[in-house]
Amino acid sequence: MTDPIIQLKNVHKTFQIANQQVHALRGVDLSLKRGQLVGVTGRSGSGKSTLLHVIGTLDTPSSGIVYLNGRDVSNLTDKDASTFRNRTVGFVFQMNNLLPEFSALENVIMPGLIAGLGRDALHKRAEALLNAVDLGHRLEHRPAELSGGEQQRVAIARALLMEPPILLCDEPTGNLDKKNGERVEEILVELSRRTQVTMLLVTHDIELAKRLPYQVVMEDGNIVDYGGSW
Ligand SMILES: Nc1ncnc2c1ncn2[C@@H]1O[C@H](COP(=O)(O)OP(=O)(O)OP(=O)(O)O)[C@@H](O)[C@H]1O
Ligand SMILES: [Mg+2]
């Protein structure tokens, strides 16, 4: 039970652009347990998004090891990574990437269809999630027919459909005005608590990071400070 759900050991990520090397991560160690909610802050370019990509198996580390749920995911093939991700990690990005041709409900059930689950059960689950993000009255609306805050709430419901143990959020309120941003934050924190998901939330908003029980601060590819009782 107390085994870490996310564990990084000396993780480096180096990008080679022409003849220049960019060290985006420089030996990150991190260990998170089930249900931990962590705000990630740090200057632009400090490696926050890269950290989330490596944890979420969207990118592989140049060296070091990433364990998710006890499994070494540092070197999965693209195909294995996408199967693994579908069940294990939910993402909410600044740009919600909702499919414009599909309704809110259909967008939310999409990860379930990809996993080969039956439509009826998925519909029920998606409706419950859309109710939980206060969008029970917008099931048939397409993304363009929703406000920015509503679109982000659809993205949150989609991220949680597969009941993943891990939720990764990169500036989820970055494109929203204060009021909508606060509503999205509230919903994220409440749903993460309720589902016992382990969440990393990248934000420039120190106040938002402090609303979570744990914080890490990144600088130049490393975690340089911790907040909360680690
Ligand atoms: N695909 C890539 N190719 C080359 N360099 C990259 C790539 N992705 C990120 N970098 C570089 O790695 C460093 C860390 O980038 P990252 O996107 O992780 O920063 P960040 O902390 O998320 O910044 P921001 O707050 O602006 O989103 C930056 O110097 C960036 O230019
Ligand atoms: Mg970023």
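Scroll up for the structure.
Quick notes on the rules
Residues numbered from 1 in each chain as written. Chains lettered and ligands numbered in written order. Predicted model: local features only at pLDDT ≥ 70, side-chain atom pairs only at ≥ 80, totals over all residues. Pairing = 2+ DSSP bridges. Helix = DSSP H or I, 4+ residues; strand = E, 2+ residues; numbered from the N terminus. Axes fitted to C-alpha atoms, helices over the stretch in contact; angles between N-to-C directions. Contact = placed C-beta atoms within 7 Å. Near = placed C-beta within 6 Å. Nonpolar A, V, L, I, M, F, W, Y, C, P; charged D, E, K, R; others polar.

Points about the sheet that holds strand β8 (residues 198-202)
Then step 1. Strand order in the open sheet formed by six strands is β6-β7-β8-β3-β9-β10, with mixed pairing between adjacent strands. In the strand order of this sheet, the two ends are held by β6 (89-93) and β10 (222-227), each with one partner. Ignoring strand direction, the axes of neighbouring strands in this sheet form an average angle of 20°.
Then step 2. Bridge count for strand β3 (residues 37-42) against strand β9 (residues 214-219) is five bridges, and the pairing is parallel. Looking at the pairing, V38 lines up with Y214 of β9.
Then step 3. Strand contacts of helix α1 (residues 48-55): β3, β7 (166-170), β8 and β9, with the helix running at about 150° to β8, the strand carrying the most contacts.

A short note on the environment of G27
Then step 1. For G27, the location among the structural elements is in strand β2 (residues 20-32).
Then step 2. Between the C-alpha atom of G27 and that of L8, which follows or precedes it by 19 residues, the distance is 9.0 Å.
Then step 3. Setting aside residues up to four positions removed in sequence, G27 forms contacts with N10, H12 and N222.

Focus on the site of ligand 1
Then step 1. Near ligand 1, the surroundings consist of F15, I17, V22, A24, G42, S44, G45, S46, G47, K48, S49 and T50.
Then step 2. Residue assignment for the shell around ligand 1 shows that the elements contributing at least two residues are β1 (6-17), β2 and α1.
Then step 3. Sort the elements by how many residues they give to the shell around ligand 1 and α1 lands first, with three residues.
Then step 4. In terms of residue class, the shell around ligand 1 is built from four nonpolar, seven polar and one charged.

Taken by themselves, the reported measurements are silent on function.
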